[in-house]
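# Inside the fold
Here is what each chain is made of, one letter per residue.
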Amino acid sequence: MSTFTDLSRINVRGGDGGAGCMSFRREAYVPKGGPDGGDGGNGGNVVLVADPQLSSLIDYRYKHHFRAERGTHGQGARKRGRDGNDLVLRVPVGTVVREIDAATMEPSFEIADLVHPGERVVVAPGGIGGRGNIHFVTSVRRAPAFAEKGEPAGEHWIELEMKLMADVALVGMPSVGKSSLIARISAARPKVADYPFTTLIPNLGVVRAKDGRSFVAADVPGLIEGASEGKGLGHRFLRHIERTALILHLVDMTGGYEGRDPVEDYRTINDELLAYAQELAERPQIVVANKCDMPDVERRIEELREAAERDGKPFFAISALTGEGIDALVAQTAELVAELRAEAQAESETLLGDAGAVWERRRERRDREIRIVREDDGWRVSGTDIERMVVQTDWENDEAVDYLQLRFQRLRLEDLLLKAGCKQGDEVRILGYAFSFETTPDRASGAASDDMDGDDSEDMVSSDESEAQ
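### With respect to the overall build of the chain
On a plain count of helices and strands, the chain comes out with eleven helices and 19 strands. Contacts in the chain between residues far apart in sequence, at least 24 positions, make up 73% of those at least 6 positions apart.

### Focus: the sheet that holds strand β4 (residues 87–92)
In space, the three strands of this open sheet follow the order β4-β2-β7, with mixed pairing throughout. The outermost strands of the open sheet, each flanked by one partner alone, are β4 and β7 (120–124). Each strand of the sheet is rotated relative to its neighbour by a mean of 30°, with strand direction disregarded. Direction of pairing for strand β2 (residues 46–51) relative to β7: antiparallel, over a ladder of four bridges. Paired with Val47 across the bridge in β7 is Val122.

### A short note on unusual backbone geometry
Backbone geometry places Arg78, a non-glycine residue, at a positive phi of 60°. Its location among the elements puts Arg78 in the loop between β3 (65–67) and β4. Judged by relative accessible area, which is 58%, Arg78 ranks as exposed. With a phi angle near 65°, Ser175 is a residue other than glycine that sits in the positive phi range. With respect to the helices, strands and loops of the structure, Ser175 is situated in the loop between β9 (168–171) and α1 (178–185).

### Remarks on the layout of surface pockets
Empty space within the second largest pocket amounts to approximately 850 Å³. What lines the second largest pocket is a set of 27 residues, among which Glu99, Gly154, His156, Asp367 and Thr384 lie closest to the centre. Those elements that place two or more of their residues in the lining of the second largest pocket are β6 (107–114), β7, β8 (155–162), α7 (355–368), β15 (369–375) and α8 (384–391). The element that contributes the greatest number of residues to the lining of the second largest pocket is α8, accounting for four residues.

### Here's the deal with the environment of Arg213
Tracing the backbone through its elements, the reader meets Arg213 in the loop between β10 (203–208) and β11 (214–219). For Arg213 and Thr333, which are 120 residues apart along the polypeptide, the C-alpha to C-alpha distance reads 10.0 Å. One polar contact links Arg213 to Asp211, side chain to side chain, over a distance of 3.0 Å.

### What to know about the environment of Asp271
Position of Asp271 relative to the elements: it lies in helix α3 (residues 262–276). Residue classification places Asp271 among the partly exposed positions, given a relative accessible area of 48%.

About the criteria used
Positions within a chain are numbered from 1, following the residues in the order the chain's sequence is written. Restriction of local features to residues with pLDDT of at least 70 applies here, the model being predicted, together with a cutoff of 80 or more for giving and counting side-chain atom pairs; totals for whole chains, interfaces and linings are based on all residues. Only hydrogens and water are set aside when side-chain values are computed; all heavy atoms of the structure are taken into account. Helix and strand labels come from DSSP, where a helix needs a run of H or I of at least four residues and a strand needs a run of E of at least two; each type is numbered from the N terminus. Two residues qualify as a contact provided that any one of their heavy atoms is within 4.5 Å of a heavy atom in the partner residue. A pair of strands is labelled paired if DSSP reports no fewer than 2 bridges between them. What counts as an axis is a line fitted to C-alpha atoms, over the stretch in contact for a helix, and the angles between N-to-C directions run from 0 to 180 degrees. Partly exposed describes any residue whose relative accessible area lies between the buried limit of under 20% and the exposed limit of over 50%, with all areas from a 1.4 Å probe on protein chains only and scaled to the type maximum. Both site types are read off a 1 Å grid over the protein atoms alone. A 1.4 Å probe that fits but cannot get out defines a cavity, while an open set with protein on both sides within 12 Å along at least five of seven lines defines a pocket; lining residues have an atom within 4 Å of a point. Grid points are joined across faces, edges and corners, and a volume is the space filled by probe spheres set on the points. Under the rule applied, a polar contact is a pair of N or O atoms within 3.5 Å (in protein, one hydrogen donor and one hydrogen acceptor; residues adjacent in sequence only if both atoms are side-chain atoms).

So, in structure tokens, the structure goes:
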């Protein structure tokens, strides 16, 4: 059984946040000690880390649910609860992480693309710990008798897709000699046999040229016509070519069992690369005529050479069996890889070390979004940050509910609802809670005139809450 796994789906959940404490200092000779409730601890995050020692997603083939540790509750005397420990999941370098839509169970957007060793991304943030009542003291609220609840952590499915991080991809029709070539030029020992589709998983090999330069080559399983549409597991194989900087396009000069025309094979594979992704067709490519030691192939070699030269691609005639032309091919490949590496390094220098921050800022921006949509008999308000405020509110405590209304004011939620078209008395829902929308007549009429002047079709807005702690 193969242990190579390049696509997995897992369910992740951060730890719940601990509740804040509602407490007052009680001490001899201190008649007015005041509030001293401590904050709850934050729940642990589920974090993915790119590990260069891993070569597949096999760890996630049988286990699919992962949970981080919860935070503990706050206590009196301003004692803060302990934060939950992060759960760190290691994945191969080159793993793409996508959010899965809960309704369709299909990928909806990309969370991160982990291409650097050690790169991290939080895929399931832990719940925020509730604040103790010491945070809610104001000039008019001297003894707040409420605290925030801990935030329950979100749970969702994500997709992990591993794409090989090789410098060179060997592509071509089945049985053109890709496995034989990688076995000849590296220490890799893939299965080699005289029937099609011998290779069912990609093989990696480190190749060293005589001048000391080296590169990593990937023997990608054979493609067929229609691979870009998924035929012959085409999508599974083509995804591994996306990472590579250079393509070695092998063509069998004998035509294989079917007696195919080498030039037609060459055109077919290039058409599939173009159909799958425009950038693959534009990637640097070396055309390699293999099995040139076989009899009666000279004419075919020249025809393929002319086709490659017309396309502006370097051409080499080799034999993976005898070693003919191999040294020249490896030297040219190593030189081209070195040039491409230098170009890629110059482009990515500004991103190195900052990639994790980029993913985190993207997540925080999604969290701040407030979405307002019309439902049959009311309005639905959603968004990570505003939903967090609701779930952290103690609805049995009038002071806590009043404070939530103040937070809504700071978010300008009333203005956003009016802009969306909400009317006096409409029902507004957030999570499992419902409110009757109330506004002043002058604000309602002002919103109506604004709707006549502008476009009110937008149902997603972003908002920031700036609270003085």
